[in-house]
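Each chain, written out:
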Amino acid sequence: MAGKSTYMRQMALIIILAQMGSFVPCSKASISICDKVFTRIGASDNISKGESTFMLEMNEVSNILKNSTDKSFIILDEVGRGTSSDDGLSIAMSLVDYLSKKKKAKTVFATHFHELTILEKKLDNVVNLKIDILEENDNLVFLRKISKGQSDRSYGIEVARMSGLPDEIIENAKIFMSKLDESDEIFKDSQVLVKSSMEDINKAEIEKIKTYADSININEVTPLEAINILNKLIGKVKEI
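Structure report, in brief. (Residues numbered from 1 in each chain as written. Predicted model: local features only at pLDDT ≥ 70, side-chain atom pairs only at ≥ 80, totals over all residues. Heavy atoms only, no water.)

When you go through the protein residue by residue, the secondary structure sums to eight helices and five strands. Counting helices and strands in the order they occur from the N terminus, the protein gives α-β-α-β-α-β-α-β-β-α-α-α-α. Taken over 240 residues, the protein has a buried fraction of 25%. Excluding contacts between residues fewer than 6 apart, the proportion of contacts in the protein whose partners are at least 24 apart in sequence is 53%. (Helix = DSSP H or I, 4+ residues; strand = E, 2+ residues; numbered from the N terminus. Buried < 20%, exposed > 50% of the residue type's maximum accessible area, 1.4 Å probe, protein only. Contact = heavy atoms within 4.5 Å.)

In structure tokens form, the structure reads like this:
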């Protein structure tokens, strides 16, 4: 939602417009000659030919690597997201390394793999850019501004909340996220992470019940209200 995909498409369109002799939407532009423009954006599949979403993604990347030159312009949006985190990160990191050292085409690579940002220090021709986002009281303001540097986090949970997902899902997702943030290294045993997180979710639900119970003044409720309160408490307990 910050606009990275739009920004990437805009760059490709500006290159095409400039080379066809058109005006471009800026006061000044420094654009080198480009022989081809390649894109890898979006998620789709070709089930009729037995190609999964990830297989199609890899086919497209393979085609780009085979046909691009050092004068090409490449935009890659979220490569490696269609498989496991370990596989996807490994492929993405290797791809950036290959483009940097072997292909040397001008490339814009958007990713949520924050681990890739370290490549700026390892590869001379890699630069980190980020889209600035202002966060105030759990509300996001997308500034539509590109600046140098790396983003310290993604905002998927916040965007999920903005889309209207139930608050319970959002709160539980935050609990899972806090567990991941507490770890100094990637969890080797995902079952341990899930079990620990579920225990924390249950504890959070119990605390909600305690808070609800503490808010009840039994001397001020009618018999009918007391029955309704009891039913509500029983329902909350059964959900745990």
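So that's the structure; there's more coming.
Between its first and last C-alpha, helix α2 (residues 53-67) extends 22 Å over 15 residues, near the 21 Å set by a 1.5 Å rise per residue. Turning to α2, its buried residues are Leu56, Glu57, Val61 and Ile64. Down the axis of α2, the buried set is contained in an arc of 135°. They therefore lie on one face. Close packing links the buried residues of α2 with β1 (37-40), β2 (73-77) and α3 (85-103). (Expected span 1.5 Å × (residues − 1). Arc of directions from axis to C-beta.)

Let's shift gears to the nonpolar core. Formed by Phe38, Val61, Ile64, Ile74, Leu76, Val79, Leu95, Leu99 and Ala105, the largest nonpolar core amounts to nine residues. Membership of the second largest hydrophobic core comes to eight residues, among which are Leu89, Ala92, Leu116 and Leu123. (Core = buried A, V, L, I, M, F, W, Y, C linked by side-chain atoms within 4.5 Å.)

Quick look at the pattern of salt bridges now. Using the criterion set out here, one finds six salt bridges in the structure. A salt bridge links Asp97 to Lys101, with the nearest nitrogen and oxygen atoms 3.1 Å apart. Of this pair, Asp97 and Lys101 are both found in helix α3, four residues apart, which corresponds to roughly one turn of the helix. Linked by salt bridges that have partners in common, Lys4, Asp77 and Glu78 make up one network. (Salt bridge = Lys/Arg side-chain N within 4 Å of Asp/Glu carboxyl O.)

Okay, a nonpolar patch on the surface next. A grouping of Leu13, Ile16, Met20 and Val37 is seen on the molecular surface, where their side chains present a nonpolar patch of about 380 Å² in accessible area. The partly exposed category is assigned to Val37, whose relative accessible area is 31%. (Patch = residues over 30% accessible without salt bridge, like charges linked within 9 Å, V, L, I, M, F, W, Y side chains within 5 Å. Areas by Shrake-Rupley, 256 points an atom, 1.4 Å probe, with all protein chains shown as cover.)

Viewed as axis vectors pointing N to C, α2 and α3 meet at an angle of 10°, and their least axial separation amounts to 12 Å. In terms of their interaxial angle, α2 and α3 are classed as roughly parallel. Across from Phe54, Met58, Val61 and Leu65 in α2, the residues of α3 making contact are Ile91, Leu95, Tyr98, Leu99 and Lys103. Looking at the contact of α2 with α3 residue by residue, the classes come out as eight nonpolar, no polar and one charged. (Axes fitted to C-alpha atoms, helices over the stretch in contact; angles between N-to-C directions. Parallel < 35°, antiparallel > 145°, perpendicular 65-115°, else oblique. Nonpolar A, V, L, I, M, F, W, Y, C, P; charged D, E, K, R; others polar.)

Moving on, we come to unusual backbone geometry. Most peptide bonds adopt trans geometry, and most residues besides glycine take a negative phi value. Despite not being glycine, Lys104 has its phi angle at roughly 60°, a positive value. Structurally, Lys104 can be placed in the loop between α3 and β3 (106-110). If you check the backbone angles, Arg144 has positive phi at about 55° while not being a glycine. Structurally, Arg144 is set in strand β5 (residues 139-148).

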